[in-house]
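# Per-entry structural report
Residue-level listing of the chains:
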Amino acid sequence: MSELAKVFQNKKAFIGFVVADDPDADSTVKNVVALAEGGADLVELGIPFSDPVADGPVIQEADLRAFKVGVTPDKIFEIVAAIRKETAVPLVFLTYLNIVFKYGYDKFCARCQKLGVSGLIIPDMPYEEKDDLAPIAAKYAVDLIPLVTPTSGHRIEKIVKHATGFIYVVSSMGVTGTRNTIKTDLHQLIQQIRQYTDTPTAIGFGVHTPEQASELGAIADGVIVGSAIVKLVAQHGTNAAPALKKYAQEMKAALPVLSAE
Amino acid sequence: MIEKQKKGRYGIYGGQYIPETLMTELERIETTYNEAKNDPEFQKELTDLLNNYANRPSLLYHAKRMSDDLGGAQIYFKREDLNHTGAHKINNVIGQALLAKRLGKTRLIAETGAGQHGVATATIAALFGMSCEIYMGKMDTDRQKLNVYRMELLGAKVHSVTSGSMVLKDAINAAMQEWASRVDDTFYVIGSAVGPHPFPEMVRDFQSVISREARAQILKETGKLPDAIVACVGGGSNAIGSFAEFINDPSVQLIGCEAAGRGVDTDQTAATLERGSTGIFHGMKSVFLQDKFGQIDKVYSISAGLDYPGVGPEHAALNASGRAQYVGITDDEAVDAFEYIAKTEGIIAAIESSHAVAYVEKMAPKMRKDQVIICTLSGRGDKDVASIAKYRGVDINE
Ligand SMILES: Cc1ncc(COP(=O)(O)O)c(C=O)c1O
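Here the structure is a predicted model, which is why all the values come from computation and not from measurement.

### Remarks on the sheet that holds strand 4 (residues 74–79) of chain B
All names here are of chain B.
- Pairing within the open sheet is mixed, and its 6 strands lie in the order 3-4-14-9-10-13. Either end of the sheet is taken by a strand with one partner, and the two such strands are strand 3 (60–62) and strand 13 (324–330). Averaged over all neighbouring strand pairs, the angle between strand axes comes to 25°, with direction disregarded.
- When strand 9 (residues 228–232) meets strand 14 (residues 372–377), the two strands line up parallel, connected through 3 bridges. When the sheet's bridge partners are listed, Ala228 is paired in strand 14 with Ile373.

### Some remarks on the site of the ligand
Residues and elements named next belong to chain B.
- Around the ligand sit 18 residues, and of these Ser192, Gly234, Gly236, Ser237 and Ser378 come closest.
- Between Gly236 and the ligand, the recorded distance is 2.7 Å, taken from a backbone N or O atom to an oxygen atom.
- Residues of the shell around the ligand, tallied by class, amount to 5 nonpolar, 11 polar and 2 charged.

### Some words on the sheet that holds strand 1 (residues 9–10) of chain B
- Pairing within the open sheet is antiparallel, and its 4 strands lie in the order 1-2-12-11 (chain B). At either end of the open sheet lies a strand with only one pairing partner, and these are strand 1 and strand 11 (277–281) of chain B.

### Overview of the interface of chain A and chain B
- Residue-level contacts link 36 residues of chain A with 34 residues of chain B.
- Between chain A and chain B lies a buried interface of about 2900 Å² when both sides are counted; carbon and sulfur atoms form 52% of it.
- For the chain A face of the interface with chain B, the top three residues by lost area are Val53, Lys102 and Glu129 of chain A, together amounting to 20%.
- Our count for the chain A to chain B interface comes out at 5 salt bridges.
- Arg9 of chain B is the salt-bridge partner of Glu129 of chain A, the closest N and O atoms lying 2.5 Å from each other.
- The tally of links between chain A and chain B comes to 21 residue pairs in polar contact (both at pLDDT 80 or more).
- Elements with a minimum of two residues in the side of chain A that touches chain B: helix 3 (57–68), helix 5 (97–103) and helix 8 (156–161) of chain A.

### Looking at the packing of helix 2 (residues 25–38) of chain A against helix 12 (residues 241–254) of chain A
Residues and elements named next belong to chain A.
- Between helix 2 and helix 12, the shortest axis-to-axis distance is 7 Å and the interhelical angle comes to 30°. The orientation of helix 2 with respect to helix 12, classified from their angle, is roughly parallel. Here the hand of the crossing between helix 2 and helix 12 comes out right-handed. For the pair helix 2 and helix 12, the contacting residues are Lys30, Asn31, Ala34, Leu35, Glu37 and Gly38 in the first and Ala241, Leu244, Lys245, Ala248, Gln249 and Lys252 in the second.
- The residue inventory of the contact of helix 2 with helix 12, partitioned by class, reads 5 nonpolar, 3 polar and 4 charged.

### So, the pairing of strand 4 of chain B
Residue and element names in this part refer to chain B.
- For strand 4, a buried count of 6 out of 6 residues is recorded, marking the element as mostly surrounded by other parts of the structure.
- Taking every second residue as pointing to the same face, both faces of strand 4 are buried, with Gln74, Tyr76 and Lys78 on one and Ile75, Phe77 and Arg79 on the other.
- Alignment of strand 4 against strand 14, held across 6 bridges, turns out to be parallel. Residue Gln74 lies in a different strand from strand 14, and its bridge partner there is Val372.

### What to know about helix 2 of chain A
Residue and element names in this part refer to chain A.
- Over its 14 residues, helix 2 extends 20 Å from the first C-alpha to the last, a length consistent with the 20 Å expected when each residue adds 1.5 Å.
- Along helix 2, 10 of the 14 residues are buried, which leaves the element largely enclosed by surrounding structure.
- Those residues of helix 2 not exposed but buried are Ser27, Thr28, Val29, Asn31, Val32, Val33, Ala34, Leu35, Ala36 and Gly38.
- Along its buried surface, helix 2 packs onto strand 1 (13–19), strand 2 (42–46), helix 4 (73–86), strand 3 (91–94), helix 11 (227–236) and helix 12.
- Two to three positions downstream of the cap, the backbone nitrogen of Asp26 sits 3.4 Å from a side-chain oxygen, assigning the N-cap of helix 2 to Asp24.
- With its phi angle positive at about 120°, Gly39 sits one or two positions after the end of helix 2.

Quick notes on the rules
- Residues numbered from 1 in each chain as written.
- Chains lettered and ligands numbered in written order.
- Predicted model: local features only at pLDDT ≥ 70, side-chain atom pairs only at ≥ 80, totals over all residues.
- Heavy atoms only, no water.
- Pairing = 2+ DSSP bridges.
- Helix = DSSP H or I, 4+ residues; strand = E, 2+ residues; numbered from the N terminus.
- Axes fitted to C-alpha atoms, helices over the stretch in contact; angles between N-to-C directions.
- Near = heavy atom within 4 Å.
- Polar contact = N/O pair within 3.5 Å; in protein donor to acceptor, adjacent residues only side chain to side chain.
- Nonpolar A, V, L, I, M, F, W, Y, C, P; charged D, E, K, R; others polar.
- Contact = heavy atoms within 4.5 Å.
- Buried area = accessible area lost by both parts, 1.4 Å probe.
- Salt bridge = Lys/Arg side-chain N within 4 Å of Asp/Glu carboxyl O.
- Parallel < 35°, antiparallel > 145°, perpendicular 65-115°, else oblique.
- Left-handed = near helix turned anticlockwise from the far one by under 90°.
- Buried < 20%, exposed > 50% of the residue type's maximum accessible area, 1.4 Å probe, protein only.
- Expected span 1.5 Å × (residues − 1).

Structure (structure tokens):
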């Protein structure tokens, strides 16, 4: 079983997202540790891209804060190394394909494996375009996390059939950002996915309240929170760790408990 | 061809690097386009609109004074500036809007740089009774105010995009985001031969009318193929449309003129194929101006229609194979050419097209008098008059 599949074993997972190097390297380390202490089962680290087409304003602004302090992939690998001294919380990167392409697929995945980054979420790499990266990622035991969206329809089977790690279920159309209501019939979407795979599912895009965590946690194997956490980082600057820990605790507590545990 | 290419690939370039949210829609567009392409009804409607609404076929004009003055090759201009709305953009918009109608869409969105593509899209939306929203970088809404007002007159809503460097690439980002949040009733009319498959192919096909006409016109006029085709390259739609019917004629040299801004060797440039490297952005693998980490550069050109950090995948492949050559033309050279063609031929050409004219000025004198260059005038220059005046330090109090 992959590192990531273990995240979902016998529990509903809370997954938090921060942009790496927002607002600086030390804070990122503290923030990731705080999320883990608060109960996050997995942390996604965003690697900023100049043109984040899948992201809303909150994450775009976080990217700009990171650029201001000179973020680069190598600096982010150093941040990961520092995180690894403090916590063993599973990590994945979220970034755009050009960043990985320019670094070199082999070199990038090799460093991920070495530093214990277990997966990659790449919003601009759909199923059709994963063939160049997939064998290399597999060689280094890095899972490529596929995304399924409300419009995936007949594509779901091929996307999820051989998926490893987990499946990122996009709750709504459009870009990242908090939403008050999610209109998609997620129950049905998850049912469709489960026809073809046992790989765990986690719902993201728009999730921010404990009520949502409890509701969506009943449907999927985990929930992903991005913009709401990044907003806390924006609010608290270099001192966001306590707020993040508290938030993670609240969200984790709201998730349903599996009776088999 | 030795190896069967994956669909939507030009050599190593092309593809569909786009969020999953849009993939089902792209599949639908591709299927519908392939049907439409072979549907005589669709082709008939397309041709009818091109001829009776957009004023095709466009003239192939022999620029005798300029040919004599430069003292070399005979220069012919393919006059896309005479199309309705004043540029080649309408050819592509009519095609895509017909496709949007076939898909049952009621709303068109588009990005625009110089405003020409936005104007063309707003025009066809008005004609088809569709609603229309245009995304334009704030830098460009400032320097192309006239076109902003034209779009509004045509009933479109213009969004001034303030993210990133506030130019064309940022307008594309914003339009893609809007599209991803509302695919049901909305068609994204991409304005150049860029983006995920099938857009580069579709835009090429719709713009190929330029070279289909030009080929027949020059054969009729001179009885032989031209020696060179010259066109400006932003994303590459007028250039690929000008090249398409000549690609299999090895004797015809194909030359694309990119905007070098303040110089190919400065960081104030948009000369993608001279300075860029392979990358993945805006749905395609192609050549981009970017740093070594893959962050896309801010680019610069006096021309709002050419300052794009990438280029269509087919151009990247034509460049890699050597079938076409790409050259950089600076702001200074383009502005000189803008004035030169006005004074020698009485044509005020778009600043984008003036980049191609500038290269013709360089190459024609080195050629024989019996040789022929076809240069595509992609658009007319009324929209640029104010900014050229400003460039020359003249305040015309707009
Ligand atoms: C007149 C004109 N020519 C050329 C271009 C560049 O686009 P492309 O390279 O797609 O032809 C533009 C774009 O706005 C334009 O308005």
